[in-house]
Amino acid sequence: KVIATEPNHADSHFGLAASLERIGQHAASLTSLERVIALDPKNIDAREAAVGLALALDDSAKSVAQAAELVKMKQDSPTALKALASSKLSAGDFAAAAELCGRIVKSAPREFEAWYNFGFANQQLNKLDDAQKAYEEALRLRGGSADAAGNLGRVLQQLGKIQEAFAAFEKVYQAEPE
């Protein structure tokens, strides 16, 4: 099915991107959003959608490029910060990832993934008290996360809190009995 758009009208391309997204044409939707951004570089909604789609498509180069521009316009955009944090985690830059995740949890405190990544980055930096608090918050949001419970158990073990570590590991077993 062909959807007509006006070639130099950003709103028309934004509508096309939304339609393509609804029918599962994610790559084509991202292309339309890139056209919106080319026509209207200050369109925050298009940039946020483009970052989210690029992340979903596992296109880290596009997500990071769009996120960097988006953060210039909207400093605490959880979508942009999430893309940048993911990139920093992948690169092993745990200090930068922890800083970005800390910003995410302040602006979007119900983001499980941000709390989990905040815990992971702090664990890698050996900031075990911060890691413990972050994993506990992640588990408060999603109690069935075996990964968060397992990492919390390891952190508690490193902190010498053996009984609490056993309790966390028991949650892992309950989440994944085999």
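All of these numbers come straight from a predicted model, not from anything done at the bench.

Focus on the packing of helix α3 (residues 44–56) against helix α4 (residues 60–73)
Step number 1: Contact geometry of α3 with α4 gives a least axis separation of 8 Å together with a crossing angle of 150°. In terms of axis orientation, α3 runs roughly antiparallel to α4. Considering only the axes of α3 and α4, their crossing is left-handed. In this structure, α3 contributes I44, R47, E48, A50, V51, A54 and L55 to the contact, and α4 contributes K62, S63, Q66, A67, E69, L70 and M73.
Step number 2: Each residue belonging to the contact of α3 with α4 can be placed in one class, and the counts come to 8 nonpolar, 2 polar and 4 charged.

Describing the pattern of salt bridges
Step number 1: Enumeration according to the criterion identifies 7 salt bridges in this entry.
Step number 2: Between E48 and K74 there is a salt bridge, and its shortest N-O distance comes to 3.2 Å. Remark: K74 occurs in the loop between α4 and α5 (78–91) and E48 occurs in helix α3; sequence separation between them is 26 residues.
Step number 3: By relative accessible area, K74 is classed as partly exposed at 35%.
Step number 4: For E137, the salt bridge goes to R140, with nearest N and O atoms at 2.5 Å. Separated by 3 residues within a single helix, E137 and R140 lie in helix α8 (residues 128–141), roughly one turn from each other.
Step number 5: By relative accessible area, which is 19% here, E137 ends up buried.
Step number 6: For R140, a relative accessible area of 53% puts it in the exposed group.
Step number 7: A single network of salt bridges, built from pairs that share partners, joins D76, E99 and R103.

Side note on the side chain of N43
Step number 1: With respect to the secondary-structure elements, N43 resides in the loop between α2 (26–39) and α3.
Step number 2: On the basis of relative accessible area, N43 is assigned to the buried category, the value being 13%.
Step number 3: Of note is the side chain of N43, whose polar atom sits 3.2 Å from the backbone nitrogen of D45.

Thoughts on the packing of aromatic side chains
Step number 1: On inspection of all chains with the given rule, the structure shows 4 aromatic pairs.
Step number 2: With a centroid separation of 6.2 Å and 65° between ring planes, the pair formed by W115 and F118 is classed as edge-to-face. Placement of the pair is W115 and F118 together in helix α7 (residues 112–124), with a separation of 3 residues, close to one helical turn.
Step number 3: By relative accessible area, which is 16% here, W115 ends up buried.
Step number 4: F118 gets classed as buried once you look at its relative accessible area, which sits at 17%.
Step number 5: What links up through ring pairs into an aromatic cluster is the set F112, Y116 and Y135.

Observations concerning α3
Step number 1: Between its first and last C-alpha atoms α3 spans 18 Å; for 13 residues at 1.5 Å apiece the expected length is 18 Å, and the two agree.
Step number 2: Listing the buried residues of α3 in full gives A46, R47, E48, A50, V51, L53 and A54.
Step number 3: Turning to α3, the residues buried within the fold contact α1 (10–22), α2, α4 and α5.
Step number 4: Between the side-chain oxygen at the start of α3 and the backbone nitrogen of D45 there is a gap of 3.2 Å, and the oxygen is on N43.
Step number 5: Trailing α3 by a residue or two, D58 shows a phi angle of about 60°, which is positive.

Calculation notes
Residues numbered from 1 in each chain as written. Predicted model: local features only at pLDDT ≥ 70, side-chain atom pairs only at ≥ 80, totals over all residues. Heavy atoms only, no water. Axes fitted to C-alpha atoms, helices over the stretch in contact; angles between N-to-C directions. Helix = DSSP H or I, 4+ residues; strand = E, 2+ residues; numbered from the N terminus. Parallel < 35°, antiparallel > 145°, perpendicular 65-115°, else oblique. Left-handed = near helix turned anticlockwise from the far one by under 90°. Contact = heavy atoms within 4.5 Å. Nonpolar A, V, L, I, M, F, W, Y, C, P; charged D, E, K, R; others polar. Salt bridge = Lys/Arg side-chain N within 4 Å of Asp/Glu carboxyl O. Buried < 20%, exposed > 50% of the residue type's maximum accessible area, 1.4 Å probe, protein only. Polar contact = N/O pair within 3.5 Å; in protein donor to acceptor, adjacent residues only side chain to side chain. Phe/Tyr/Trp six-rings, centres within 6.5 Å; stacked < 30°, edge-to-face > 60°. Expected span 1.5 Å × (residues − 1).

Note that all results are geometric; they support no functional claim without further evidence.
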